Amino acid sequence: MREGNMNAFLKDLGSDMCKSDSYSKSKMSVTACSVKRLLDVIASLVGLLVFSPVFLVIYWLIKREDGGPVIFKQERIGYGGKPFTLYKFRSMTVRSEADGKPALCTKNDKRLTRVGSFLRSHHLDELPQLWNVLKGDMSFVGPRPERKFFIDKIMAINPDYELLYQLRPGLFSPATLYNGYTDTMEKMLERLRMDLEYLHTRSLWLDTKIIYLTVYSIISGKKF
């Protein structure tokens, strides 16, 4: 591919992620966004191939425990405020929200299955989101996607949440790394503060640092 064609390709690849806006104090260049998306595609493909044996083991463990669905699907709000389907390995009982009321998963939640508790504590339940990254619903680094039910509650307190719609949601985020799972409104608001900080300071170097620290924390057994 000629250099001119390559530059045009990269510009088109990342243009949807770096549109000019009046909110960001700083933003990644179109080229940096293009590189970020290209790396997302390559890394998610490699990840799906490398972890395919793990997928099979987890599939067998979940089926063996209760025979229910292995993949959990849920609508989340993503880039541009548009909904998308997020995929995870199911970590809770099949009827965890049978009453139709959304509820946050808390530490030692009784709805967690034995296998699910292990998967969640080691963040293995998130592996199917590599498919979301490959599709373009998500990126490796960005704000964690949330359900509209909880977004409405957050925005009633801090409407700046809407600024996060400028970004693709992420598999990893500074907020998850330093604030852990959000099981209270206080932690949701703190996550929002950290996500807004990421919005204004994001860069390829920062993304690389977040990925490294998150992977290192998971491998070393750190709970977050």
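Owing to the predicted nature of the structure, the values given are computational and were not obtained by experimental measurement.

Calculation notes
- Residues numbered from 1 in each chain as written.
- Predicted model: local features only at pLDDT ≥ 70, side-chain atom pairs only at ≥ 80, totals over all residues.
- Heavy atoms only, no water.
- Phe/Tyr/Trp six-rings, centres within 6.5 Å; stacked < 30°, edge-to-face > 60°.
- Helix = DSSP H or I, 4+ residues; strand = E, 2+ residues; numbered from the N terminus.
- Buried < 20%, exposed > 50% of the residue type's maximum accessible area, 1.4 Å probe, protein only.
- Expected span 1.5 Å × (residues − 1).
- Arc of directions from axis to C-beta.
- Contact = heavy atoms within 4.5 Å.

Colleague: I keep staring at the packing of aromatic side chains and nothing clicks. Help me out?
Modeller: Two numbers describe a pair of aromatic rings. These are the distance of the centres and the angle of the planes. Applying the stated rule across the entire model yields five aromatic pairs. Both rings, one in Phe140 and one in Phe172, keep their centres 6.2 Å apart while their planes meet at 55°; by these two values the pair is tilted. Of this pair, Phe140 sits in strand 3 (residues 139-141) while Phe172 is found in strand 4 (residues 170-172), placing the two residues 32 residues apart along the sequence. The two residues Phe140 and Phe172 agree in class, both being buried.

Colleague: I tried to follow helix 9 (residues 204-219) on my own but got confused; where do I start?
Modeller: Since the α-helix packs 3.6 residues into each turn, any two residues three or four apart lie on the same face. Compared with an ideal rise of 1.5 Å per residue, which puts 16 residues at 22 Å, helix 9 spans 22 Å between its outermost C-alpha atoms and is within 8% of the ideal. Of the positions making up helix 9, those classed as buried are Asp207, Ile210, Thr214 and Ser217. Looking down the long axis of helix 9, one finds its buried residues gathered within 105° of arc, a one-sided arrangement. Facing away from the buried side of helix 9, by more than 90 degrees, are the exposed residues Trp205, Tyr212, Tyr216 and Ile219. Buried residues along helix 9 sit against helix 2 (30-50), strand 3, strand 4, helix 7 (174-179) and helix 8 (185-201).

Colleague: Mind showing me how you'd approach the environment of Arg120 here?
Modeller: Among the secondary structure elements, Arg120 is positioned in helix 4 (residues 114-121). When its relative accessible area of 14% is taken as the criterion, Arg120 is described as buried. Separated by 31 residues in the primary sequence, Arg120 and Phe89 have C-alpha atoms spaced 9.1 Å apart. Residues contacting Arg120, with those up to four places away along its chain left out, are Lys88, Cys105, Leu112, Asp125 and Tyr181.

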